[in-house]
Amino acid sequence: DEKITINSKSDLYPYRLGYIKGWKIVENLLEFHPDIYGAATPDLLIEMLLQDRVDIIYVHFAQAQYLAEKRGIKHLLFSNYSVENELFLYLNERHEDKLPALAAAIRSIKDDGTYEIILGSVVNLKTPE
């Protein structure tokens, strides 16, 4: 709905909000939201939106964009409000010997701009010139 403007967390409260169950950052962020509904998968979350069971879905930008394209949804709107968090990799301790090489590779792609290019292709960010 083009009339909905979300610039802060408090702007979400008048609306029925959908999110993916188990996403702890959202559950903690919105634990006191009066009208919140969880879905097991991003596909079900989009379906809740399409069936008018929720007004807003709280989902990763790239997921929403991908699912909208897949389902032929042309008028998906994104809010100005977002929560940014870093990407993390968790390794099983049996792979501890690979950690120095992995850390060096990640630093390298961040230093040469490859990381931004990859991420930009996913979330439509400006890629470096």
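Reading guide: rules and limits
- Residues numbered from 1 in each chain as written.
- Predicted model: local features only at pLDDT ≥ 70, side-chain atom pairs only at ≥ 80, totals over all residues.
- Heavy atoms only, no water.
- Helix = DSSP H or I, 4+ residues; strand = E, 2+ residues; numbered from the N terminus.
- Buried < 20%, exposed > 50% of the residue type's maximum accessible area, 1.4 Å probe, protein only.
- Contact = heavy atoms within 4.5 Å.
- Salt bridge = Lys/Arg side-chain N within 4 Å of Asp/Glu carboxyl O.
- Expected span 1.5 Å × (residues − 1).
- Pairing = 2+ DSSP bridges.
- Axes fitted to C-alpha atoms, helices over the stretch in contact; angles between N-to-C directions.
- Parallel < 35°, antiparallel > 145°, perpendicular 65-115°, else oblique.
- Left-handed = near helix turned anticlockwise from the far one by under 90°.
- Nonpolar A, V, L, I, M, F, W, Y, C, P; charged D, E, K, R; others polar.
- Core = buried A, V, L, I, M, F, W, Y, C linked by side-chain atoms within 4.5 Å.
- Phe/Tyr/Trp six-rings, centres within 6.5 Å; stacked < 30°, edge-to-face > 60°.
- Lys NZ or Arg CZ within 6 Å of the ring centre and 35° of its normal.

### Brief notes about the overall build of the protein
Here is step 1 of the chain: Broken down by element type, the protein carries five helices and three strands.
Here is step 2 of the chain: Along its sequence from the N terminus, the protein presents helices and strands in the succession β-α-β-α-β-α-α-α.
Here is step 3 of the chain: Looking at the protein as a whole, 22% of its 129 residues are labelled buried.
Here is step 4 of the chain: Long-range pairs, those at least 24 residues apart, make up 46% of the contacts in the protein with a sequence separation of at least 6.

### Examining the pattern of salt bridges
Here is step 1 of the chain: Enumeration according to the criterion identifies six salt bridges in this entry.
Here is step 2 of the chain: A salt bridge links glutamate 27 to lysine 24, with the nearest nitrogen and oxygen atoms 3.3 Å apart. Of the two residues, glutamate 27 and lysine 24 both sit in helix 1 (residues 24-29), three residues apart, roughly one turn of that helix.
Here is step 3 of the chain: A salt bridge links aspartate 97 to lysine 98; its shortest N-O distance comes to 4.0 Å.

### A few points about helix 4 (residues 99-111)
Here is step 1 of the chain: Here helix 4 contains 13 residues, and its C-alpha end-to-end distance of 18 Å stays within 8% of the 18 Å for a straight helix at 1.5 Å per residue.
Here is step 2 of the chain: Of the residues flanking the end of helix 4, it is glycine 113, one or two places downstream, whose phi is positive at about 90 degrees.

### Some points on the sheet that holds strand 2 (residues 36-39)
Here is step 1 of the chain: On the basis of which strands lie adjacent, the open sheet formed by three strands has the order 2-1-3 and parallel pairing. The two strands at the open ends of the sheet, each matched to only one other strand, are strand 2 and strand 3 (56-58). Each adjacent strand pair in this sheet contributes to an overall mean axis angle of 30 degrees, direction not counted.
Here is step 2 of the chain: With three bridges connecting them, strand 1 (residues 17-20) and strand 3 associate as parallel partners.

### A short note on the packing of helix 2 (residues 42-50) against helix 3 (residues 61-71)
Here is step 1 of the chain: Where helix 2 contacts helix 3, the two axes come as close as 10 Å, and the packing angle between them is 65 degrees. By the criterion of interaxial angle, the relationship of helix 2 to helix 3 is roughly perpendicular. The two elements helix 2 and helix 3 cross, and the hand of that crossing is right-handed. Contacts between helix 2 and helix 3 involve Pro42, Asp43, Ile46, Glu47 and Leu50 from the first element and Gln63, Leu67, Lys70 and Arg71 from the second.
Here is step 2 of the chain: Residue composition of the contact of helix 2 with helix 3, grouped by class: four nonpolar, one polar and four charged.

### Structural notes on the nonpolar core
Here is step 1 of the chain: Of all hydrophobic cores here, the largest spans 11 residues; its members are Ile4, Ile6, Leu12, Leu17, Tyr19, Trp23, Val26, Leu30, Ile56, Tyr58 and Tyr81.
Here is step 2 of the chain: For this core, the secondary-structure elements that each account for two or more residues are strand 1 and strand 3.
Here is step 3 of the chain: Among all residues touching leucine 12, those that are not within four sequence positions of it are Ile6, Leu17, Leu30, His33, Ile56, Tyr58 and Tyr81.
Here is step 4 of the chain: Ranked by size, the runner-up nonpolar core spans 10 residues in total, among them Ile46, Met48, Ile57 and Leu67.

### Thoughts on the packing of aromatic side chains
Here is step 1 of the chain: A complete count under the given rule lists one aromatic pair for this structure.
Here is step 2 of the chain: Measuring from ring centre to ring centre gives 5.9 Å for tryptophan 23 and tyrosine 58, while their planes differ by 65 degrees; the resulting arrangement is edge-to-face. Remark: tyrosine 58 occurs in strand 3 and tryptophan 23 occurs in the loop between strand 1 and helix 1; sequence separation between them is 35 residues.
Here is step 3 of the chain: Taking the relative accessible area as the measure of exposure, tyrosine 58 reaches 13% and is therefore buried.
Here is step 4 of the chain: The residue whose ring lies beneath lysine 110 is tyrosine 115, and the NZ or CZ to ring-centre distance is 5.3 Å.

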